[in-house]
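# Observations on chain architecture
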Amino acid sequence: MTDEKEYLKIEREKEWRVELRNKIKNKERTDLLRVKMPEMDPMERIKYQDREVNQGLSVAQAQAEAVRCMDCVNPTCIEGCPVSINIPKFVKYIEKGEFLNAAKTLKETSALPAVCGRVCPQEKQCEQSCFYTQKLKKDAVAIGYLERFAADYERESGQISVPETAPKNGIKIAAIGSGPASLSFAGDMIKLGYDVTVFEALHEIGGVLKYGIPEFRLPNKIVDVELENLKKMGVKFETNFIVGKTASFDDLKAEGYQAFFVASGAGLPNFMNIPGENFNGILSSNEYLTRVNLMNAADNAFDTPVFKGKNVAVIGGGNTAMDSVRTAKRLGAERAMIVYRRSREEMPARIEEVKHAEEEGIEFMNLNNPIEYFADEKGHVNRMRLQRMELGEPDASGRRRPVTIEGSEYDIAVDLVIVAVGVSPNPLIKNALPDLKVSRWGTIDVEEGKMQSSIPELFAGGDIVRGGATVILAMGDGRKAAASMHEYLQQRVTSNEF
Amino acid sequence: MNKIIEKEFFSPKVACFVIEAPRIARSRKPGHFVILRVDEKGERIPLTITDADEKAGTITLVVQKMGVSSEKLCALEPGDEILDVVGPLGRATDIHKVGTILACGGGVGVAPLLPIVQGFKKAGNRVISILAARSKDLIILEEEIRKWSDEVIIMTDDGSYGRKGLVTAGAEEVILREKVDECVAIGPAVMMKFTSLLTKKYNIPTQASLNAMMVDGTGMCGACRVSVGGQTKFTCVDGPEFDAHQIDFNELMLRLGGYTELEKEAYQHYFESSIK
Ligand SMILES: Cc1cc2nc3c(=O)[nH]c(=O)nc-3n(C[C@H](O)[C@H](O)[C@H](O)COP(=O)(O)OP(=O)(O)OC[C@H]3O[C@@H](n4cnc5c(N)ncnc54)[C@H](O)[C@@H]3O)c2cc1C
Ligand code: SF4
Ligand code: FES
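The structure contained in this document is the topic of the report that follows. (Residues numbered from 1 in each chain as written. Chains lettered and ligands numbered in written order. Predicted model: local features only at pLDDT ≥ 70, side-chain atom pairs only at ≥ 80, totals over all residues. Heavy atoms only, no water.)

### Re the site of ligand 1
All names here are of chain A. Inclusion rule: We call a residue near a molecule or strand when any one of its heavy atoms sits within 4 Å of it. Any pair of N or O atoms that falls within 3.5 Å is considered a polar contact. Within protein, one atom must be able to donate a hydrogen and the other to accept it, and sequence-neighbouring residues count only if both atoms are side-chain atoms. Runs of E in the DSSP output that reach at least two residues are strands. Runs of H or I that reach at least four are helices, and both are numbered from the N terminus. Residues are grouped as follows: Ala, Val, Leu, Ile, Met, Phe, Trp, Tyr, Cys and Pro are nonpolar; Asp, Glu, Lys and Arg are charged; all remaining types, including Gly, are polar.
Near ligand 1, the surroundings consist of 35 residues, among which Val119, Glu200, Arg217, Asp463 and Val471 are the closest. Note that an oxygen atom of ligand 1 is positioned 2.8 Å from one of the side-chain N or O atoms of Arg217. The backbone of Thr470 places a nitrogen or oxygen atom 3.3 Å from an oxygen atom of ligand 1. Elements that contribute at least two residues to the shell around ligand 1 include exactly helix H12 (180-191), helix H17 (319-330) and helix H21 (471-494). When the residues that make up the shell around ligand 1 are grouped by side-chain class, the tally is 18 nonpolar, twelve polar and five charged.

Structure follows, in structure tokens:
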């Protein structure tokens, strides 16, 4: 930690940073207002499933916003970032107009900055701990917007630096799953000279980034550029390959794989187990989003169908719920509703998504909980029974616990219900490896910081370790696992195991 | 990409494919299925692995034309490639030696039944197979089933082959004639439902293999959920075989929604009149 502080200090004292700081007084900086993200008009954007809402900052907007950052002696924003991006450094590069250097700074610690700039819950991370939020009680520096700006600038400039890779060491390793955890792991390991193969069960690479998060929030082409880079660096991808099914761990070991990184995600959708939940027209957010995002079901040229509801209720208050309800709106819902048992304040979704949803005319039925579904004679849902809730004492998570109000039940008409009440770890790996230690929730137990499981050659990270978490945490795990697997394999090299 | 090696039509609506898939051929067991996607625009559809040749690195799939995706698949020829094939999926059949097995296959359900019949025979059981279909040209894989069965009974709705009547009539006859230790039923949901009602009457443990609707096949979406013993299960990871006496077949039929309402009712009525 002190090393890191030391490093930050040295960087901060570089001449160009000192010069920039002296150019404008802090008072002038703090008088500036936070930039507004240019957005597509709500009534226009709900006509398109695949147009990004946030349009990105212009060069002038980005530089003006970067001026607001005071390049603090004690940059608390960094403490809020799960991967400790050197935030002032990249922001100051933007102020100075050296956008490619800003992007490079991001890449020192984050594998997918263009993705994180779009999907990180900044208001709970870096921006939450920014000096503006903490001390000035003003709007934080728009770190997320700036991160996206720098990453997009680099991509659009066509000057993406393909990182140098060490000479090949011939050691074969496998990553299981192709979400953000795996991708960042693969990037680090290929740089270290390993022979890396990523195995993915689905027919597309990207995990939740592809099948879950919709195009209007994270365009596929952004993810594809990153994938292309990894391919250029030599990472091999095998789709339609379920480790533990298509081949066992023993098969892969026999084929020469020396170590594994399991990042199989928290794929299993939870249901509420209330009466009528299996009627047609009631589906998990995973199913709904997979049909639309992975299978292109909203496009008539594709064979996969999807129910297009008129009265759509989405159960839950997280990102998945917001993505589902906004997708339903875009597919023509007249009423697209969020049914959430707590209040807006407790919603786990990114603030920006909630705001965007409101602008798009999503109805928020907060402090409501479904208790039963009813269907027509064909078994298709046509009505749901809701119960009103109020907030009681805080629970273990610190959020106020929702309590039912007796006798408050009422019915509303629905023809599509999307259940987004969380996910559980995918048990495929545990089923394939009975000896693997898992928690009572089914997440893989790993040694903190090292990401090593109870089986020495097996490392794990991302949602399969944390339960449903975030992209940035998954990426951070991938990087930690890479460092510690490298150490583990080098020890085996030294003891002449290969 | 998986190359089609052979193709044969069992009937105008049912085709059999031998496909290159070396890893799956090696790993698969009776009861397993694959999910495939014919082309970029295609759906992901589940198909049970009927047979596999580990040496040749191939698997055999039998598909019935039912909609766009199966029509597309049936239009492919040897030498063509299928874009995506993933598997083996699901839990393998619990094959063991119990004595006498009654294996009931309806229509194209005979295809997934074949590896199970093979398995039970190899495990040393006496296997009696009943193949049922609407008419003679819809009876498939008879020869292969015969190879692995001690006795085969053919039932057709219209009497054009074997005996006239439903699968349940043939099954009941066997049950009344000799001791049956376990039963396996695979076919249309309504056929499995009534076979299950029959064996329940005689207390014969029965497995049914469900053809639920699927998307990913790895437990990720819940499209394939069914109620078994009052609990929600995912067919792709918890199944596809379940204790038939615990399955909520009515819900399954509603979820499949494949038949039009009227057709289903008519078919149900037909079955009801056949069982006392
Ligand atoms: C709709 C939605 C919206 C979200 N929005 C946000 C957001 O705005 N911000 C944010 O930070 N986070 C968000 N999240 C959470 C975030 O996406 C996840 O935390 C993150 O993707 C986890 O990454 P991962 O690499 O662990 O796994 P995943 O991205 O889940 O990838 C796991 C992959 O492994 C594959 N797999 C599983 N088992 C096997 C096997 N045995 N063999 C081969 N492959 C296998 C799966 O098919 C899958 O593709 C969202 C999640 C969803 C579902
Ligand atoms: S990665 Fe996320 S938390 Fe870190 S600086 Fe970027 S937006 Fe903030
Ligand atoms: S098919 Fe998606 S969970 Fe079974």
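From this point, the narrative continues.
### Structural notes on the nonpolar core
Where we set the bar: As used in this record, nonpolar core signifies buried Ala, Val, Leu, Ile, Met, Phe, Trp, Tyr and Cys residues forming a set joined through side-chain atoms within 4.5 Å. Each residue gets one of three labels from its accessible area relative to the maximum for its type: buried under 20%, exposed over 50%, partly exposed in between, using a 1.4 Å probe on protein chains only. Throughout, a residue-residue contact means that at least one pair of heavy atoms, one from each residue, lies within 4.5 Å.
In terms of nonpolar packing, the biggest core is built from 98 residues, with A:Ile87, A:Phe90 and A:Ile94 touching the most fellow members. Looking at this core element by element, the count peaks at nine residues for H21(A). Filtering out sequence-adjacent residues up to four positions away, A:Phe90 remains in contact with A:Ile85, A:Ala102, A:Thr105, A:Leu106, A:Ile143, A:Leu146 and A:Glu147. Counting residues in each nonpolar core, the second largest holds 31 residues, with B:Ile128, B:Ala189, B:Ile204 and B:Phe242 among its members.

### Concerning the sheet that holds strand E16 (residues 458-460) of chain A
Residue and element names in this part refer to chain A. Put simply, the rule is: Strands were regarded as paired on the criterion that DSSP finds at least two bridges between them. Axis lines are fitted to C-alpha atoms, over the contacting stretch for helices. Their N-to-C directions set the angle, which ranges from 0 to 180 degrees.
Spatially, the five strands line up as an open sheet ordered E3-E2-E1-E4-E16, and their pairing is parallel. Here the strands that pair on one side only, and so sit at the sheet edges, are strand E3 (236-238) and E16. In this sheet, neighbouring strand axes are inclined to one another by 25° on average, regardless of whether the strands run parallel or antiparallel. Of the pairings in the sheet, the one linking strand E4 (residues 257-262) to E16 comprises three bridges and is parallel in character. Pairing of Phe261 across the sheet is with Phe459, part of E16. The sheet contacts of H12 involve strand E1 (172-176), strand E2 (195-199), E3 and E4, and relative to E1 the element is tilted by about 165°.

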